[in-house]
Amino acid sequence: MILFGRKDKLLATREIPDEECESCGEKGGVVSIFQIYYHIARIPLIPLSRKTASQCYSCRKVKLKKNFSNQQKMVGELLRKETKTPLWTMMGAGLILTLLFIRFLIRFS
Ligand SMILES: [Zn+2]
């Protein structure tokens with residue numbers, strides 16, 4: 001059983017209907033933004049970076065940000081501005097802090 005690791009979660013997706021795929025030449029695809037986070041026993045601990053990727057509707061080819069076209073870069077930036085790092089990614093850290101705080105209170109009361 002893996003207790004500690006990295007996970008990603010889809011935050012937002014935006015369609016680009018007129019984006020031409022460089023692999024199959026078909027038009028249409030999406031740009032998505034993912035939140036990457038560390039977890040302990042599936043409880044999100046700390047947020048890491050956010051990752052942007054695109055996918056073609058026709059051939060399902062996935063492209064990373066470094067290979068984006070200008071239009072995809074623009075949409076990616078937009079998504080990045082619209083989405084914030086979700087609070088639940090800090091749930092584990094919050095739990096640990098709360099437990100430490102309670103222990104602190106008990107010790108000094
Ligand atoms: Zn394609």
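Here the residue numbers are simple positions, counted from 1 along each chain's written sequence. The model is predicted, so local features are restricted to residues of pLDDT at least 70 and side-chain atom pairs to those at 80 or more, both for listing and for counting; the totals for chains, interfaces and linings are taken over all residues.

### Observations regarding the overall build of the protein
Item 1. Every helix listed is a DSSP run of H or I at least four residues long, and every strand listed is a run of E at least two residues long, numbered separately from the N terminus. What the protein contains, in helices and strands, is two helices and four strands.
Item 2. Along the protein, helices and strands appear, N-terminal first, in the series β-β-β-β-α-α.
Item 3. As defined in this context, the radius of gyration uses C-alpha atoms, and a globule is described by 2.2 Å times the residue total to the power 0.38. For the protein, whose C-alpha radius of gyration is 19 Å, the value lies well above the compact-globule estimate of 13 Å for 109 residues.
Item 4. For the protein, the spread of C-alpha atoms along the three principal axes comes to 70 × 30 × 20 Å.
Item 5. Counting every position in the protein, which comprises 109 residues, the buried fraction comes to 13%.
Item 6. Two residues form a contact once the distance between their C-beta atoms, set from the backbone, is within 7 Å. Taking the intrachain contacts of the protein between residues at least 6 apart in sequence as the baseline, contacts between residues at least 24 apart amount to 59%. In this scheme every C-beta is placed from the backbone, and a residue whose C-beta has 20 or more other C-beta atoms within 10 Å is buried, one with 12 or fewer is exposed, and one in between is partly exposed.

### What to know about the environment of glycine 76
Item 1. Assignment of secondary structure puts glycine 76 in helix 1 (residues 70-82).
Item 2. Owing to 19 C-beta atoms within 10 Å, glycine 76 belongs among the partly exposed residues under this scheme.
Item 3. The spatial distance from the C-alpha of glycine 76 to the C-alpha of valine 30 is 9.9 Å, given a sequence separation of 46 residues.
Item 4. Other than its neighbours up to four places away in sequence, glycine 76 contacts Val31, Thr52, Lys65 and Phe68.

### Some words on the pairing of strand 3 (residues 43-56)
Remark: a regular strand shows side chains that alternate across the two faces of the sheet.
Item 1. In short, DSSP must find at least two bridges between two strands for them to pair. As paired elements, strand 2 (residues 27-40) and strand 3 share eleven bridges and run antiparallel to each other. Within strand 3, the residue paired with isoleucine 40 across the bridge is isoleucine 43.
Item 2. Following strand 2, the chain reverses through two residues before pairing antiparallel with strand 3; alanine 41 in that reversal takes a positive phi of roughly 50°.
Item 3. Bridge analysis of strand 3 against strand 4 (residues 62-64) gives three bridges, and the strand direction is antiparallel.

### A look at the environment of glycine 28
Item 1. If you trace the backbone, glycine 28 turns up in strand 2.
Item 2. Since 14 C-beta atoms lie within 10 Å of it, glycine 28 is described here as partly exposed.

### Overview of the pairing of strand 2
Item 1. Pairing geometry for strand 1 (residues 4-20) and strand 2, over 13 bridges, is antiparallel. Counterpart to threonine 13 in the pairing with strand 2 is serine 32.
Item 2. Between strand 1 and strand 2, which follow one another and run antiparallel, lie six residues, and glycine 25 among them has a positive phi close to 80°.

### With respect to helix 2 (residues 91-107)
Item 1. Here, expected helix span is obtained from the residue count minus one, scaled by 1.5 Å. Taking 1.5 Å per residue, 17 residues should reach 24 Å; helix 2 reaches 24 Å between its end C-alpha atoms and fits that length.
Item 2. Across the 17 residues of helix 2, zero count as buried, placing the element largely on the outside.

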